[in-house]
Amino acid sequence: MAKLLYEWDYSSYPGAKAYPNLFKPIDIGNLTVPNRIKYAATEENLNARDGFVTDSGVEYMRWRGRGVVGGLCFMQGVYMDEAAKGQGYVGQAGAWHDKYVPGLARIAEAIHAEKAVAGFQLMDCGRVGAVEVPEGHGPSTVPQRLRVFKPMKEMTNAEVKEMVKQHVDAARRGVEAGFDIMEISGIVGYLISNFISSYTNRRTDEYGGDIRGRMQSVVEIIQGVKDVCGPDIPVGIRLCSEELLDDVRGNTPEESMETYKIAEEAGVDYISVTLGWQESIYPVISRDIPMGNWTHLAKRAKENVKVPIQMAYRLFKPGLPDELIGKNELDIWEMCRPMIADPLMPKKVLEGKEDEIRHCVACNLCLARLFRDAPMTCYINPVCAHEAEPVFVAPPKADDEKEILIVGAGPAGLECAYVAAQRGHEVTVYDKRDEIGGTLNEAQNAPYGDDELWTCIDYQKVMCEKAGVEFKLGTEVTDDIIEDEMPDSVVLATGPVYTDIQGNDKVKVVNVLDVLGGRAQVGKKVVVWGNRKPGIGVSLHLAQKGVKTTLIGREKTAGFDVNPSFKWRYMIYLRQNGVMAYNDCMIEEVTETGIIVKTYDGYRFPVECDTIVLSDRQANESLKKTVQSEGIELFVVGDALVPRNLSSAVHDGYRIGMRI
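This is a predicted model, so every value here is computed, not measured.

What to know about the sheet that holds strand β14 (residues 403–407)
The five strands are arranged β16-β15-β14-β17-β28 in an open sheet whose pairing can be described as parallel. Each edge of the open sheet carries a strand with a single partner, namely β16 (470–473) and β28 (633–636). On average, each strand axis in the sheet is tilted by 20 degrees relative to the strand beside it, whichever way the strands run. Alignment of β14 against strand β15 (residues 426–431), held across five bridges, turns out to be parallel. The partner of L405 across the bridge, within β15, is T428.

Have a look at this one:
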């Protein structure tokens, strides 16, 4: 009979009634898990560079353990070789020596303290490893497609066998640390996937050749790990269902499904369905991919193996995974980024508080940070990576309750408003618009998934209402209002001002917000001035309507304010939609037929157009002098301070809400 570690009774919770399939138990091997929810192993770079666990890493995991309400909670994958060729992240936890066991045990204990099932993952990063050493290791020497990664050295037969032993030894340490379930990582270009793929495995010995040969090391790892885990600790594996490497002769989908069958034969207790490599040229998890896009892969896996199937990948809301589990097309709903954005997401679902969920916007800032050797942060969650700091997790009540006037109901102003109100301040938010949301009202209309950005405003609106924030919409704040109100503090969240260019009878000038909001019409040939994200968004918006669009900006590259893990998608979409981009340029003159562009080195050339769309932004200095002249405490946040992005607005607002 399967073992149940913790008793959970969900019957009285509204979420269990709304999503009955998510909150029913499942047996994985000889372990019973109370629900179908899993926080999947995710690197966060919060541990020390020598592989030791830190307080930040422990508290990060404690919050995710709390969030899964009795489900599976996996710590980040550990690297297992002393030479650190398998280490892919500077803050990755180590498990190549017994000295790491006490620190790892702290994470297991933190998860157990929340009555959740603690998961341990074995992860040699292989082709995307060697972050601290000159070269990595792999089955064959195949050149890297991405220059950020180190060259690979082909492993000898003896080194492959040592790699298998390293997995087994690290699994033993995970067991000693008190973890309840074991997982082998074979995804996205990590070492095991390197052995499995025909793209990176060119060997002719026992660990190469056909798909069974390429799976041989994986079979040995599974069997060795099963031996040290014993009958009571299930062993699972994450495997690619599709590599998306057809352009370099990677595995076929049929071969990938064969790996599932071989893993099941070897004794795994579950399989986590993944797809794509970091070298794949097709996007997988950014918001330009519709939610639920990959669910057919879970269904296909269910048709090929009998062990439980788990899956993440653009499943951000509970309705679809609940439906898939009910149809027997999925067994467990995995989450990484949704629980980076809100670690208590499943708990809020269970408690019927879905309106309080801070939803991930699939921007991949978390990944961009990791690949630049920085601690993880979240685009939309200012508390991420600060879980060990009580002032971030629960900003304390203010010593002196103040009257705070916030000018601007965009994301920066709203974030500041509810945080300050929760701390006991009396907060009033003004906006000249009749609606909240600021420039996101228009920005959400840009293509390729930008409508998901509005979830930020939905969340902030609810939090403001529950915190007692007062709104005065349709009211433009003037000097007189500030002088009449005389608040204790003023927060200027007014958004940016836009660079002005004078048009003429032949070439009209319009604002990006009016274009995206449908209030301004453009001609057949348009120049967009400003090559940051607003300019890219409106350029793609117009191009998809058949408008010939040219993007021109002062930045050296388009998308300077877009994180690199998403920016590459925009560059492809600009080309696919026929948008010509000129960077590091200025508009020197508006003529009767268009504009004259001046490059950074003084070269000039004409661009024909009948409309110029202004998206280039500057800081907003309005009202600052009035507030300062009255001796009122002043804060400036978001684009009003420095035009940046949604993430900066949210983080600015949260931090100022903490400080006042």
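Next, the rest of the story.
A closer look at the domain arrangement of the protein
As far as domains go, the protein holds domain 1 (3–390), domain 2 (395–496 + 619–659) and domain 3 (499–617). Here domain 1 and domain 3 have C-alpha centroids that lie 41 Å from each other. Taken together, the contacts link 14 residues of domain 1 with nine residues of domain 3. For the pair domain 1 and domain 3, the two sides together bury roughly 810 Å², of which 56% comes from carbon and sulfur. Seen at the junction of domain 1 and domain 3, the total is one salt bridge. For D288, the salt bridge identified is with R569, shortest N-O distance 3.1 Å. Residue classes in the side of domain 1 that touches domain 3 are distributed as eight nonpolar, three polar and three charged.

Notes on the packing of aromatic side chains
Taken as a whole, this structure holds 15 aromatic pairs when the rule is applied. Between F566 and Y570, the ring centres sit 5.0 Å apart and the planes meet at 45 degrees, which makes this aromatic pair tilted. A residue pair is termed a helical-turn pair when its members lie 3 or 4 positions apart in one helix, as F566 and Y570 do in helix α21 (residues 564–576) at four residues. Per residue, the accessibility class of F566 equals that of Y570, and both read buried. An aromatic cluster of at least three residues, connected via ring pairs, comprises W8, Y10 and F23. One cation-aromatic arrangement involves K115 over W8; the distance from NZ or CZ to the ring centre is 5.0 Å. When the ring centre of F316 is taken as origin, the NZ or CZ atom of R314, which lies over that ring, is 4.9 Å away.

Some words on the pattern of salt bridges
For side chains bearing opposite charge, pairing can occur when the charged atoms are close. The tally for this structure, following the rule as stated, stands at 48 salt bridges. The residue E351 makes a salt bridge to K347 at a minimum N-O spacing of 2.7 Å. Residue class for K347 comes out partly exposed when judged on its relative accessible area of 24%. A salt bridge links R519 to D514; the shortest N-O distance between them is 3.0 Å. What you see here is one network of salt bridges that share partners, running through K38, E183, R238 and E334.

Rules used in this analysis
Residues numbered from 1 in each chain as written. Predicted model: local features only at pLDDT ≥ 70, side-chain atom pairs only at ≥ 80, totals over all residues. Heavy atoms only, no water. Pairing = 2+ DSSP bridges. Helix = DSSP H or I, 4+ residues; strand = E, 2+ residues; numbered from the N terminus. Axes fitted to C-alpha atoms, helices over the stretch in contact; angles between N-to-C directions. Domains from an automatic or database assignment. Contact = heavy atoms within 4.5 Å. Buried area = accessible area lost by both parts, 1.4 Å probe. Salt bridge = Lys/Arg side-chain N within 4 Å of Asp/Glu carboxyl O. Nonpolar A, V, L, I, M, F, W, Y, C, P; charged D, E, K, R; others polar. Phe/Tyr/Trp six-rings, centres within 6.5 Å; stacked < 30°, edge-to-face > 60°. Buried < 20%, exposed > 50% of the residue type's maximum accessible area, 1.4 Å probe, protein only. Lys NZ or Arg CZ within 6 Å of the ring centre and 35° of its normal.

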